[in-house]
Amino acid sequence: MSSRVEPLHSPQQDWRPGILEPVEETTDSEAPPPAIETVRSAAMRPILVRPKWFWPAVGALSAVVALGFSAWIVQLRTGLGSAGYNNQAFWAIYEANLVTFIGVSYGGAVVSAILRITKTTWRAPLTRIAEATALVTLPIGMLFIVPHLGSSWKLWELIWPPYWNLSSPILWDFFAVSTYLLATCVFFYLPLIADLSIGADRLARLQTSPGRKLLYRAYRVLAGNYNGSLSQRRLLAGAIGLVAIMVIPMAVSVHSVLSFAFASSSRPGYLETIFPVYFVVAALYSGVALVVVVVAGARRLFHLEAFIERRHLVRLGFIMVALGAAYLYLTFTEYLIDSYSNTTGNAAWVYQTLLGRYWMPFWFYFVAGGLVPILIFMFRRTRNATGVVTAAGLVLAAMWVKRLVIVIPPATEPLVRSPFGPTGALGLGWGTYHFTWVSISITVAMAAAIPLLLLIVFRLVPILPVAEMEELAAAAERAETTTTTKAAGPVVRLHAGGGAPVSALDHGETQGDDDDE
Amino acid sequence: MSADEQEQDETHRAPVPSAHQQPVTVTTGKQRQLSRRRFLGAAASGVGLAAVGSVGGALISRSAPSAAAPSHRDTGSAQTGATAAHQWAMVIDLRYCNGCKACTTACERYHYLHQDQTWIHVFTMQSESGEQYYMPRPCMMCEDPACVPVCPVSANFRTAEGLVLVTQQRCVGTRICMNACPYQARYFNWSAPVPAPRQPFPQEPAWPVPQVEGTVGKCVFCAAMLPSGRIPECASYCPMGVIYMGDLESDIAVNGIGNVVTLSKFLTENTAIRFKTTFGTHPRVWYITGHGQTLDTDKEVA
Ligand code: SF4
Ligand code: SF4
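Residues numbered from 1 in each chain as written. Chains lettered and ligands numbered in written order. Predicted model: local features only at pLDDT ≥ 70, side-chain atom pairs only at ≥ 80, totals over all residues. Heavy atoms only, no water.

K.L.:
Please explain the interface of chain B and chain A as it appears in this structure.
P.N.:
When the parts of a complex come together, some accessible area is lost, and that lost area is often used as the size of the interface. Listed per partner, the contact involves 44 residues of chain B and 48 residues of chain A. Of the roughly 3,600 Å² buried between chain B and chain A on both sides combined, carbon and sulfur atoms contribute 55%. Broken down residue by residue, the surface that chain B buries against chain A is led by B:Asn179, B:Gln184 and B:Trp190, which jointly contribute 20%. The partner of B:Arg175 in a salt bridge is A:Glu95, and the shortest N-O contact between them spans 2.8 Å. At the junction of chain B and chain A, the tally comes to 31 residue pairs in polar contact (both at pLDDT 80 or more). Elements represented by at least two residues in the side of chain B that touches chain A include exactly β4 (121–126), α6 (176–180) and β8 (186–188) of chain B. The element contributing the most residues to the side of chain B that touches chain A is β4(B), with five residues. Along the lines of polarity and charge, the residues of the side of chain B that touches chain A split into 21 nonpolar, 16 polar and seven charged. (Contact = heavy atoms within 4.5 Å. Buried area = accessible area lost by both parts, 1.4 Å probe. Salt bridge = Lys/Arg side-chain N within 4 Å of Asp/Glu carboxyl O. Polar contact = N/O pair within 3.5 Å; in protein donor to acceptor, adjacent residues only side chain to side chain. Helix = DSSP H or I, 4+ residues; strand = E, 2+ residues; numbered from the N terminus. Nonpolar A, V, L, I, M, F, W, Y, C, P; charged D, E, K, R; others polar.)

So this is what it looks like as C-alpha cells:
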C-alpha cells in the first residue's frame with residue numbers, strides 16, 4: 001500500500017538531500033562508513049569508494065574463470081568425452097548445472113517481484129541486490145548450453161528458424177529462457193531508472209577521472225529524460241508493477257519447460273509428471289538461498305548493516321525454509337510413488353538412488369538441503385542471521401547435488417535388460433559418470449563468475465534502490481503524521497545512526513523471533 | 001467403420017507366445033493401408049467410436065486375456081501413407097544367435113566406429129527358464145520414432161522408405177534423442193571419430209562415414225547399400241544367418257547365408273515379436289524368439 005504513488009507529494013520532498021556527503025575522493029583505502037549516512041550516500045558508496053579488497057577479489061575470481069575457460073578450450077579440442085560423458089551417461093554435470101544456475105536466478109524474481117506485488121515493504125533494501133543476482137546468474141546458467149552441446153560451434157542453428165523443430169522441448173527451453181532473460185533485464189532496468197537519475201546528479205559533481213566521466217555519461221543516457229516528475233513516477237511504478245507480474249509466470253514457465261526436456265521421454269526417473277512443479281519449487285528454493293547469501297555478503301562487504309538488518313535475512317530465511325519444506329514434500333512424493341509402481345525401470349532407479357550407487361548424494365541432499373535448514377529454523381537459538389546464512393549455504397550445495405541426483409541416475413539406467421535376469425543384471429549394466437577436471441573446472445569457473453559479476457555490477461549501479469526506499473519511507477512518514485491509526489505500513493530505514501530511524505520491520509511482526517542488533 | 005474393421009481383421013495376428021511378449025501384428029504390403037491418422041480420423045467422426053470398441057473386442061477375444069492393454073495404436077502398425085518402392089524391415093532370429101558379435105565388429109569396421117559405438121549391440125539376456133541367450137539390437141527404425149520429434153534443429157528425420165536417419169552436419173549434440181530412444185540405440189561421438197580413408201561419396205545421413213565429432217550416430221540400416229540390392233553389413237557377416245533384411249513392400253527377407261523367406265509368412269509362422277511395443281514406437285525390427293530351445297535344431301526356414 002505504501003508504495004503507491006501519492007499524487008499530492010512532490011518528488012523533491014521525497015528525495016531529501018543526504019545528511020552527510022560521503023568521502024568523495026577515490027581512495028584505495030577502505031573508508032569507514034560515516035556515522036550518519038543517508039541511503040543516497042550508502043547506495044553510491046561502493047561506486048565512489050573502491051574497497052581495498054576489490055581488485056584482489058576480482059583478480060582471484062578472474063583466475064578461476066580463466067581456468068574454466070582453458071578447460072573449455074581443452075574440451076573443444078578433445079571432445080565432450082573429456083568432461084566425463086559416455087554413451088550410458090549422456091547427460092550429467094552440465095545439464096545439472098544448467099538447471100541449477102538458471103534455477104538460482106529465480107530467487108531474484110521471487111524476492112523482488114512477489115514481494116513487490118504483495119506490497120511487502122521490508123523488501124525495499126533487498127530488491128536491487130536480488131534483481132542483480134537474477135540478472136547475473138541467468139546468463140551464466142544459459143552459458144552452460146555451450147559446454148553442454150556436443151558441437152557448440154553450431155549454436156547458431158538454434159536461432160536459425162528454418163532448422164527449428166517446434167516439437168522439441170529443447171527449443172521450447174531456448175525460447176522460454178531467452179524471453180525470461182529479456183524480462184530479467186527489463187526488470188532490473190526499470191527500477192534502476194530513478195536511481196540512475198539520482199546517481200547522475202551526484203556524479204555530475206564528481207567527474208574527476210575518465211572512468212567517472214564515462215559512468216556519468218552512461219547514467220545520463222540510461223536514465224533518459226527521467227526527472228522524477230509525478231507523471232513519470234506514476235508511469236514507472238505502473239510499468240514496474242506490470243513487469244513484476246509478468247516475470248512470475250515467465251519464470252514458472254522457464255523452469256517447467258526446463259523440466260520438459262527431461263520429463264518428455266519414456267525414461268524411468270525422467271518421465272515424471274511432478275517434474276515441472278518440482279523444478280519450479282527447487283528453483284525458488286535454491287534461488288532464495290542464493291539471495292540470502294548474496295544479501296549477507298553485500299551487507300558485510302559494502303557495509304550496509306544500517307539499511308539491511310539481520311532481520312531481513314531472517315525474513316528471507318523464512319521464505320527459504322517454507323520452500324524447502326515444500327521441496328522435501330515433493331521429493332517424498334516422487335520417490336514414494338515411483339517405488340510403489342515397482343516396474344523394472346522405476347524400481348531400479350529408486351533403489352539405486354536411495355540405497356544403491358547414488359545413496360550418498362541423495363542423502364546428502366536430504367540432510368543438508370532438507371532437514372538441517374528446517375531444524376535451524378525450529379529452534380530460537382539458531383533462528384538468526386548466522387543460522388540463515390549457514391542454512392542458505394548448505395541449501396545451495398545440497399540443491400546442486402540434488403540436481404545431479406535428478407539428472408544422472410535415470411541417464412545411467414540401462415533400458416535394455418533381461419526381464420528374467422537376476423535383478424536386471426543382464427543386458428546392459430548401469431552406466432557411470434566420471435567427474436573430470438575439465439567438467440569440474442568449468443563448473444567452478446561459472447560459479448566464480450557469479451560473485452565476480454556481482455562485484456562489478458555493485459560497483460557500477462547503486463546497490464540500494466534509493467528512490468524506492470525514499471518513497472516508502474516518505475509514504476510511511478506521511479501516514480504517521482496524518483493519522484494515528486495503525487495505517488502506517490512498515491517502512492524502510494533511510495539513514496543510519498542519527499535520529500530515530502524508522503525500522504523496516506517494526507510493525508506487527510513476531511519480534512521475539514528475530515535477532516535484532 | 002466396417003472398412004476399418006475389415007482392415008483390422010486382415011492383419012495377421014499371432015497368438016501371444018508368453019506373458020512378457022506383446023501380441024504380434026504384421027501388416028505388410030497392400031494391407032498396410034490403415035494409417036493411424038485415418039484410424040483416428042474415423043474415431044473422431046463418432047461412427048468410428050464403435051469401430052474402436054469392436055476392434056478392442058476382437059483383440060480381447062483373439063488373444064490372451066491380458067492383451068486388453070494394447071491400444072488401437074498397436075493394431076494399426078504402419079503409418080506411412082507414402083508410396084515408396086520399399087519399406088525396409090529387419091528380422092532377427094534369436095534362436096540361432098550365438099553371441100559371437102560378428103555383426104557388431106562388421107558394422108564398426110564398415111562405418112569406422114569406436115569400440116563403444118555398438119550400433120548393433122549384442123546383449124546377453126536370460127530367459128525365464130534361466131537359459132542365457134543373445135539379443136542383437138540395431139536401431140529399430142521405429143515407425144513412430146521417439147528420437148525424431150525431440151531434436152531442436154530437425155537433424156533427425158524419417159524417410160519415405162521407413163528409415164530414421166541423422167543429419168550429422170546439422171546435429172548440435174544436445175543428446176535429447178539419446179534420452180528419448182527407449183532402445184538405447186543412439187551413440188555419441190565423444191571424441192574425434194575413427195579416421196576413415198577418403199570416401200567416394202560425401203558424408204550424408206545414409207552414409208555417415210566418417211562420423212562427425214560432437215554429434216549423434218546410430219545404425220542406419222546400411223541405407224547406402226540397400227538401393228543396390230545389398231543387405232546390411234551386419235546381416236552379411238552373421239555366420240548364423242540370424243539377421244534378415246526385409247522389405248515390407250515386396251514381402252521378401254534375406255539373410256547373410258542365402259536364405260530367402262516370405263516376410264509376412266516368416267513372421268507369422270515364427271510368432272515374431274517386436275521389442276518394447278508398449279512404448280508406441282512401432283519398430284520395424286522383428287525378433288523371433290525361441291531361446292528356450294536348443295540351438296541348431298528344428299531350423300525351419302521357409
Ligand atoms: S530405435 Fe531409437 S534411434 Fe532408432 S528410430 Fe527408434 S527411437 Fe529412434
Ligand atoms: S544395419 Fe548397417 S548400420 Fe545398422 S547395425 Fe547393421 S551394419 Fe550397422
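K.L.:
Is there a simple way to explain the site of ligand 2 in this structure?
P.N.:
Residues and elements named next belong to chain B. Taken together, the neighbourhood of ligand 2 is formed by Met-90, Cys-107, His-111, Trp-119, Ile-120, Cys-219, Val-220, Phe-221, Cys-222, Pro-232, Glu-233 and Cys-234. Those elements giving two or more residues to the shell around ligand 2 turn out to be α5 (102–111) and α7 (233–237). Tallied by class, the residues present in the shell around ligand 2 amount to ten nonpolar, one polar and one charged. (Near = heavy atom within 4 Å.)

K.L.:
Looking at this model, I keep getting lost on the environment of A:Ser62. Mind explaining?
P.N.:
Inspection of the secondary structure assignment puts A:Ser62 in helix α3 (residues 54–78). Expressed as a C-alpha distance, the spacing of A:Ser62 and A:Ala448, which sit 386 residues apart in the sequence, is 7.9 Å.

K.L.:
For this particular structure, what's the right way to read the pattern of salt bridges?
P.N.:
Two side chains that carry opposite charge are able to pair once their charged atoms sit near each other. For the structure shown, the criterion picks out twelve salt bridges over all chains. In this structure, the salt-bridge partner of A:Glu131 is A:Arg116, at a minimum N-O distance of 2.8 Å. Taken together, the residues span a long stretch of sequence, with A:Glu131 in helix α6 (residues 124–143) and A:Arg116 in helix α5 (residues 106–117) at a distance of 15 residues. Linking B:Asp93 and B:Arg95 is a salt bridge whose minimum nitrogen-to-oxygen distance equals 2.9 Å. Across the pair, exposure class does not vary: B:Asp93 and B:Arg95 are buried alike. Each of A:Arg116, A:Arg123, A:Glu131 and A:Glu468 takes part in salt bridges that share partners, so that together they form one network. (Buried < 20%, exposed > 50% of the residue type's maximum accessible area, 1.4 Å probe, protein only.)

K.L.:
Help me understand helix α14 (residues 359–378) of chain A, please; the structure alone is not making it clear to me.
P.N.:
Residues and elements named next belong to chain A. If you check α14, its first and last C-alpha atoms are 27 Å apart, about what 20 residues at 1.5 Å a residue would give, namely 28 Å. Along α14, the largest kink reaches about 35° and is centred on Leu-371; proline Pro-373 follows within four residues of it. Phe-362, Tyr-365, Ala-368, Gly-369, Gly-370, Pro-373, Ile-376 and Phe-377 are the residues of α14 that are buried. Structurally, α14 contributes buried residues whose contacts are with α11 (275–301), α12 (310–341), α13 (344–354) and α15 (385–412). (Expected span 1.5 Å × (residues − 1). Bend = angle between axes of the 7 residues up to and from the residue.)

K.L.:
Explain the site of ligand 1 to me, please; I cannot follow it from the model alone.
P.N.:
Around ligand 1, the structure places 13 residues, and the nearest of them are B:Cys139, B:Cys142, B:Cys147, B:Cys181 and B:Arg186. Counted by class, the shell around ligand 1 contains eleven nonpolar, no polar and two charged residues.

K.L.:
Looking at this model, I keep getting lost on the state of the cysteines. Mind explaining?
P.N.:
Formally, a disulfide is one covalent bond, and it connects the sulfur atom of one cysteine to the sulfur atom of another. Taken as a whole and judged by the stated rule, the model has zero disulfides over all chains. B:Cys177 takes part in no disulfide bond, and the closest cysteine sulfur to it belongs to B:Cys171, at a distance of 6.3 Å. (Disulfide = S-S within 2.5 Å.)

K.L.:
Is there a simple way to explain a nonpolar patch on the surface in this structure?
P.N.:
Residues and elements named next belong to chain A. Residues Phe-69, Ile-73, Leu-76 and Trp-153 make up a contiguous nonpolar surface patch of about 380 Å² in total accessible area. Within the element layout of this structure, Trp-153 appears in the loop between α7 (145–148) and α8 (169–204). Owing to a relative accessible area of 46%, Trp-153 belongs among the partly exposed residues under this scheme. (Patch = residues over 30% accessible without salt bridge, like charges linked within 9 Å, V, L, I, M, F, W, Y side chains within 5 Å. Areas by Shrake-Rupley, 256 points an atom, 1.4 Å probe, with all protein chains shown as cover.)

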